[in-house]
Amino acid sequence: YYEMVNLGYNYRIPDVLCALGISQLKKLDIFIKRRQEIAKIYDKKLQKLNNYLVPLTQKFENAYHIYVIKLNLNNLKVDRDTVFKAMKAEGIGVNVHYMPIHLHPYYKNNLNTYEGMMPVAEKVYKQIITLPIFPLMTDNDIDDVVNSLNKVIEYYKKI
């Protein structure tokens, strides 16, 4: 969980990190290819949970910097946060991306935004979880994520 409390910029980056970034750019195609492979595996393995979640995949080419699922809370006994905590308890590094901008404290305090202002974005935000995805992820790691998600969904499902 993270939130923006102030606007600001920080363009300073140490030279050593710049050098590391430049060296990583040489591997970018390999990284993207692996992320796409992982996303396809997730897509396939999560199909059997389609009553309980929907992978938010793209129809077009995607680099998959994140892999997001949207929970069907109508078919679960619990909310997203409970599923999130259960996945963490299973040792899975899930996350939530991204809080609707109007809910960040900066905008609430300075632009008078409020909860309920954008109900669709808020509803989706309360349903989404980001699954781990990174180039060095092994097929066993993927299976661990999927098996944990199956376990959690099985425990909390209504139907």
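Residues numbered from 1 in each chain as written. Predicted model: local features only at pLDDT ≥ 70, side-chain atom pairs only at ≥ 80, totals over all residues. Heavy atoms only, no water.

Peer 1: Account for a nonpolar patch on the surface, naming residues and giving values.
Peer 2: On the surface, a nonpolar cluster with roughly 380 Å² of combined accessible area is contributed by I13, V16, L17 and L20. On the secondary structure map, L20 appears in helix α1 (residues 15-25). (Patch = residues over 30% accessible without salt bridge, like charges linked within 9 Å, V, L, I, M, F, W, Y side chains within 5 Å. Areas by Shrake-Rupley, 256 points an atom, 1.4 Å probe, with all protein chains shown as cover. Salt bridge = Lys/Arg side-chain N within 4 Å of Asp/Glu carboxyl O. Helix = DSSP H or I, 4+ residues; strand = E, 2+ residues; numbered from the N terminus.)

Peer 1: Can you break down the environment of K108 residue by residue, with the values?
Peer 2: Within the secondary structure, K108 is located in helix α4 (residues 105-111). Take K108: its relative accessible area is 34%, and that puts it in the partly exposed class. Expressed as a C-alpha distance, the spacing of K108 and Y156, which sit 48 residues apart in the sequence, is 34 Å. Those residues in contact with K108 that lie beyond four places of it in its chain are H102, L103 and T113. (Buried < 20%, exposed > 50% of the residue type's maximum accessible area, 1.4 Å probe, protein only. Contact = heavy atoms within 4.5 Å.)

Peer 1: Tell me what's going on with unusual backbone geometry, and back it up with residues and numbers.
Peer 2: Omega for the bond connecting H97 with Y98 falls within 30 degrees of zero, at -15°, which places this linkage in the cis form. Even without a glycine there, the phi angle at Y64 is positive, about 50°. With respect to the helices and strands, Y64 occurs in the loop between β1 (53-55) and β2 (67-71). Even without being glycine, N112 reaches a positive phi, approximately 55°. Examined against the element boundaries, N112 turns out to sit in the loop between α4 and α5 (119-125). Overall, N112 belongs to the exposed group, its relative accessible area being 60%.

Peer 1: Please give an account of the nonpolar core that cites residues and values.
Peer 2: Residues Y42, L46, Y67, I69, L131 and L149 are the most contacted members of the largest nonpolar core, which totals 34 residues. Looking at this core, the elements with two or more residues in it are α2 (28-45), β2, α3 (80-89), β3 (128-131) and α6 (139-156). Of the residues forming this core, the biggest block, seven residues, is contributed by α6. Apart from residues no more than four positions distant in its own chain, I69 is found in contact with L46, L53, V54, P55, L56, Q127, I128, I129, L131 and L149. (Core = buried A, V, L, I, M, F, W, Y, C linked by side-chain atoms within 4.5 Å.)

Peer 1: An account of the pattern of salt bridges is needed here, citing residue identities and associated values.
Peer 2: For the coordinates displayed, the defined rule picks out seven salt bridges. Put simply, E37 and R34 hold a salt bridge, and the shortest N to O gap is 3.3 Å. Here E37 and its partner R34 are both found in helix α2, three residues apart, which amounts to about one turn of the helix. Accessibility expressed as a relative area gives 33% for E37, which makes it partly exposed. A residue is classified by how much of its surface remains accessible, and R34, at 16% relative accessible area, is buried. One salt bridge connects D143 with K45, and the closest N-O pair in it is separated by 2.3 Å. Remark: K45 occurs in helix α2 and D143 occurs in helix α6; sequence separation between them is 98 residues. Looking at K45, the relative accessible area reads 32%, which means it is partly exposed. Among the charged side chains, a salt-bridge network with shared partners connects R34, E37 and D139.

Peer 1: An account of the environment of G93 is needed here, citing residue identities and associated values.
Peer 2: One can find G93 in the loop between α3 and α4. Given the relative accessible area of 49%, G93 is considered partly exposed. Each C-alpha atom of the pair G93 and I153 lies 16 Å from the other, and the pair is 60 residues apart in sequence.

Peer 1: I'd love a proper account of the sheet that holds β3, names of residues and values included.
Peer 2: As summarised here, the arrangement of the three strands in space is β1-β2-β3, forming an open sheet in which the pairing is antiparallel. Sheet topology places β1 and β3 at the edges, where each strand pairs with a single neighbour. The average angle at which neighbouring strand axes cross in this sheet is 30°, direction not considered. Summarising the sheet, β2 and β3 pair through four bridges and their orientation is antiparallel. Directly across from I69, in β3, lies its bridge partner I129. (Pairing = 2+ DSSP bridges. Axes fitted to C-alpha atoms, helices over the stretch in contact; angles between N-to-C directions.)

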